Each structure stands twice: as C-alpha cells, then as structure tokens.
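Topology and contacts: notes
Each chain, letter by letter, is given below.
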Protein chains: 2
Amino acid sequence: MIGKNSKYPVVPGHEIVGRVVAVGKDVKNHKKDDLVGVGCMVDSCQECSACKDDLEQFCEKGMVATYNGKDKHMGGHTFGGYSEMIIVREEFVLSVPKNLDEKAVAPLLCAGITTYSPLAHWKIKKGDKVGVIGLGGLGHMGIKFADAMGAHVVMITTSPEKAGDAKSLGADEVLISKDEDAMKKHAGSFDFLLNTVPVKHDVNPYLQLLKRDSTMVMVGAIEPLEPMHGGNLIIGRKSIAGSLIGGIKETQEMLDFCGEHNIVSDIELIDIDTINTAYQRVKDSDVKYRFVIDMESLN
Amino acid sequence: MIGKNSKYPVVPGHEIVGRVVAVGKDVKNHKKDDLVGVGCMVDSCQECSACKDDLEQFCEKGMVATYNGKDKHMGGHTFGGYSEMIIVREEFVLSVPKNLDEKAVAPLLCAGITTYSPLAHWKIKKGDKVGVIGLGGLGHMGIKFADAMGAHVVMITTSPEKAGDAKSLGADEVLISKDEDAMKKHAGSFDFLLNTVPVKHDVNPYLQLLKRDSTMVMVGAIEPLEPMHGGNLIIGRKSIAGSLIGGIKETQEMLDFCGEHNIVSDIELIDIDTINTAYQRVKDSDVKYRFVIDMESLN
C-alpha cells in the first residue's frame, strides 16, 4: 500500500513469480531456472516462538516486508517486486508447481494465502457450509479454495450482478446481503464465514448467519468496524477472529494444494506502461480479479 | 432484568437455592430435604442439537427462562425466584455440594456459571495468564475460578482502589487499564481474557493484551461496543467471542468444582424488606459482590 508512510524508492509488488537466475553457494532448495514465488515477506528473525511455529508473519521482532521493510542485510529498506530482479533468502522463496499457468500464479502469494490460511487453520472440510463475504481479489480466491476443500460455498455480496461470476468460480449459492428475507433464511446455518470486505462495515448481520460455536474470520478490514453488538457473540457462543496472510510453510502447502487442484487466480495480464489505467480500474472495482504485470514489458 | 418487556406478575430472581419440599413420583435425582439450586433456565425442548450437546441455553426452540419465560406446562409465563417456592422439572434442578456455605451458593447459578463456562470451554489450565476485566458480581467469580484452575490471574480494572480486594479474591496482579505504560508492559502476554464489563466500551486496548492465537470472551456486554479495529484481530490471529451462562451438565460440574475448591460467592445477606435500598446500592456499585435475599424473611 502506497501512502504517506511510504519510503522511496519503492516498486510495491509483493505477489512475485519468476525464474531463478542465480543461487548462492549454500542454497539447497532452489536452483537456476526453477519457477519460484515471493510473497509479502522476505525475512524474519527465524528464532522467536512465532517463527518456530512457522508463522513468520507474526515474527516477534517484526517480519521484513517485501517493500518498505527494513533490510537487515543491505541496510536501508526493501523495494518490492515491480522490478527486473529481486534477491531473497531461500527460506522465503516458494516453489511453484509446474502444472500451473505461471501468468496467473503471482496473486496466490498474497490474495491466495490470505484466504487459504484461515480456511485451513479453521479446518474447513467436505460438507461444511462456508460463506465468502465480498467478491474481489481475495473473495474470488476464497470461493475457489473453499470449493476445492469440498465445502458448500455461499457467495455473500451486496451486488446481485456478481451472482453469475460467483457461480462460475465455484459458489453453490449466492446470498444478497441486502435481502433481509434471504438473510433470515440463512440465519444460524453457516459453519464458517470468510469476510474479505476491505473497508469499514457492519458485521452484525453476518454474525447472525453463523451456527452456534462458529467463527467469522476477517482478512480484509484493516480499519475500525461499525459498532458490534456483544449479544451477537454471546448468543450462540460465536467468535470473530482475524487472519494475516500465512507462514512460509503454509504458503508452500497452499501452492501445492493449487497444483493438485489446478487453482490459479483469474487475472488480466498487462504491460507496465498501462499501470496508470490499471490503477484507476482497480479503484473502480473494474478488474476480474487481479491485474498481473508482465515484467518482460520493462525491456 | 426488569424493563419495558417485563411480564407481570414477576419476582425476578434466577439464582435460587433452597431445600426440596416435595418431589413428583417419577423424580429420580432429588429427594425431600436435598439442598438444590435453580439457575437462569427451568426448561428447554430436550431434543434439538443444542440440548443434545448439553447446551440448553442455546436451545433451538428457545430455553424457558426462570422468569418472563413461556411456561409450556402451566400456560402463561414463569415468575422467578423471589418467592417462597418454585416448581421445576428435575433436569433443571442442580445438586449443591454439602460443604458449601448455602447462603453464598445462589450467585453461582448465574454469575458463577457465566464465568466458569468460558474458562472451562477455552480449557484454562495451570500456568495460563488469564485477565479478568471488570470487578463486579461476575468478575469476582472469574478471579476465584481462574485462580482455582491454577492460572496466573490478572485483575484488569479502571479502578485502582479495587486492587486490594482483587488480590484477596485470588488475583496475582492488578493491571489498571487507564495506565498506558502498564498496558504496554502486558501487551501480547495474555493467554485468555474474560471480559465482564456490562456496558458499551472500547475493546481495542484489551485485544492488544492478547498473545497470538488467543481469545477474549465477552460475557457481560449485551449492547453495541465501541468500534473495533479489524487490525487488532488480524495481527496475531486473535479472536473475540461470546459466552452465555452454561448448560445444565456444566452448571453441575461448576457446582462440584466449587465443592472441591470450597468456592462460593462473596455476598451480603439481606431481608426482603430492604430490597429497595439494596437495589439503589447495586446501581451505585456498592455491593461486594452480590446481595442474597433470605426468603425466610418473607414470613
């Protein structure tokens, strides 16, 4: 995210896929020409309890973000992935399954792991009724993963016009959250909700969709929510939780899962000289569902 | 709670302890002269998935509250416990351990189970760092239970003057939530938080006290909270959950636990003709920590 806190220069991408051009002499897991990925992190302390639990995203000394992070090795800050090349320690380099369409793999490294991780951590299984709230870059991956895990997937959206797309992505049903009657019919019926809405919103109607002892996980809302009613948690012993990307081990598991199930992101490939148009289209929600920049177009 | 939704007549108590005066011919678990308790519920469908899971408080057909509930057997509504006598189906009658001070047992039936249930459900164990937020009728029981479970108990309060009492109830430490430096020192260190605050408040500072993958459970706030920041859940994969009293089986377990650990509520015994004064003192937070009405004083 580029904003007032940005450190320049910055080339912000953190969903990066490419071929290895060279490896250090001690590198064991990757070799020249391998198709690999780099996500939101390029380093962590590797020693704290979070790192030992394979949750480097919660490193107690702070993980090093792929851009705007503090570069412990070179000094200064990390630049990001919209570049010809990036140097990353091998522990933070992921292997991309050979059968996947490499143009559409990059968004798995953030949008993918952000939605896969909570579905895996909360142990979604065949037959669970899973709601994915919001159909954008994150939501479209959430549908694909929940569907591949065997869940009965309900796309929950304010936009009836998204119903067709949701179903072709793998949703079994579409629930229009503005339709109070439809919301009532689904009340108390969900085993899990994955909330991908990135902005302030009212979570109370969604909490009423949950079964007793079930959880809604927030992955997008990095700002204050509308006031939540305590009673919506107390009645039915419900939970609301958060989840942030995933650790490196789980990110590799996610990529392997994608290999098995032939899952990639739905993307539109663009050349670097069209990014201003693309940026405006992202702001207008006019992308299905991620732009991927062909870095060859830099040449 | 008496309010605009009350059905009259009503004698609202739902923390009731007394001796059995008579049993029906098919009653197996209780006999004349037994010391027994009745809590917040007197009936449920006994057939739905919640009832089968021993969570009658979440009965899908609606549990029957001890007052203002719909009386399926007699018609009309249930009246409550500030009375000489109450007739209850045996499944909803609890056995009181003989070693407990019977004057101080009644509050276990609501304040007790409300705090015991989340500590038991979230498996609090020896050595866990548990914060109890708010020192009132619920909070004082939360301290006693968490202490008896072997936790390192921290009383979290806005009121420094409550520190002494908190420690004599079993708290190992007292954290003044208005003290920002103290809050920072405890950041990310709690395995569990039991939030007993009954009114609208800001949960964000408490969420920052939790360790990664830990939970704050709300048992008191039956109104909208101040806006919660999604980032406080996302960073550290934290949860906020709710909990409502407990099922009958767990209520009996709680009473048995109290018997083993000699736990009762701290109470002030009053005669029925002083309830108006007592009510005002409750409103003024001037009670340590529950008034108990001696129903003999009705005679």
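Just above sits the structure.
Below is a summary of the structure that appears in this document. What you see is a predicted model; the values in this text were computed from it and never measured. (Residues numbered from 1 in each chain as written. Chains lettered and ligands numbered in written order. Predicted model: local features only at pLDDT ≥ 70, side-chain atom pairs only at ≥ 80, totals over all residues.)

1. Quick word on the overall build of chain A
For the record, the criterion: The secondary structure listing takes helices from DSSP runs of H or I that are at least 4 residues long and strands from runs of E that are at least 2 residues long, numbered from the N terminus. Put simply, the radius of gyration uses C-alpha atoms, and a globule should come to 2.2 Å times the residue count raised to 0.38. Three exposure classes are used, based on other C-beta atoms lying within 10 Å of a residue's own C-beta, which is placed from the backbone: buried for 20 or more, exposed for 12 or fewer, and partly exposed in between. In this description, a residue-residue contact is defined by the distance between C-beta atoms placed from the backbone, which must lie within 7 Å.
What chain A contains, in helices and strands, is nine helices and 15 strands. Over its C-alpha atoms chain A spans a radius of gyration of 20 Å, differing by no more than 12% from the 19 Å that the globule rule assigns to 299 residues. Expressed along its principal axes, the backbone C-alpha trace of chain A runs to roughly 60 × 40 × 40 Å. Within chain A, buried positions represent 45% of all 299 residues. Contacts spanning at least 24 positions in sequence make up 62% of the contacts within chain A whose residues lie at least 6 apart.

2. Looking at the interface of chain A and chain B
Quick note on the threshold: Throughout this entry, Asp, Glu, Lys and Arg are counted as charged residues, while Ala, Val, Leu, Ile, Met, Phe, Trp, Tyr, Cys and Pro are counted as nonpolar. The remaining residues, Gly among them, count as polar. In short, DSSP must find at least two bridges between two strands for them to pair.
Contact with chain A, which involves 28 residues of that partner, is made by 28 residues of chain B. Those elements that place two or more of their residues in the side of chain A that touches chain B are β12 (210-218), α7 (231-234) and β13 (239-242) of chain A. Of the residues forming the side of chain A that touches chain B, the biggest block, four residues, is contributed by β13(A). Of the residues in the side of chain A that touches chain B, the class split is 16 nonpolar, seven polar and five charged. The pairing of β13(A) with strand β13 (residues 239-242) of chain B spans three bridges and is antiparallel. Following the sheet pairing, A241(A) is matched in β13(B) by S239(B).

3. Considerations on the relation of the copies chain A and chain B
Put simply, the rule reads: The atoms used to superpose the copies are C-alpha atoms, taken from residues with pLDDT of at least 70 in both, and the fit is least squares.
Taken as rigid bodies, chain A and chain B are interconverted by a rotation of 180° and an axial shift of 0.0 Å, the fit giving an RMSD of 0.0 Å. Considering both components of the superposition, the chain copies are consistent with a two-fold axis. When C-alpha distances to the rotation axis are compared across chain A, the minimum falls at P227(A), with a value of 2.2 Å. When you check the interface residues of chain A against chain B, 100% turn up at the interface there too, and the contact is symmetric in its surfaces.

4. Some words on the packing of helix α2 (residues 111-121) of chain B against helix α3 (residues 137-148) of chain B
Residues and elements named next belong to chain B. We count it as follows: Every axis in this analysis is a line fitted to C-alpha atoms, fitted for helices over the stretch in contact. Angles between the N-to-C directions lie between 0 and 180 degrees. Geometric relationships in this document are graded by angle, where less than 35 degrees denotes roughly parallel, more than 145 denotes roughly antiparallel, 65 to 115 denotes roughly perpendicular, and other angles denote oblique. Crossing handedness follows the turn of the near helix against the far one: under a right angle anticlockwise gives a left-handed crossing, and clockwise gives a right-handed one.
The interhelical angle for the contact between α2 and α3, taken along N-to-C directions, is 45°, at an axis separation of 8 Å. Between α2 and α3, the crossing angle belongs to the class labelled oblique. Here the hand of the crossing between α2 and α3 comes out right-handed. Residues A111, G112, T114, T115, Y116 and L119 of α2 touch α3, and the partners they reach there are G137, L138, M141, G142, F145 and A146. Of the residues belonging to the contact of α2 with α3, the class tally is seven nonpolar, five polar and no charged.

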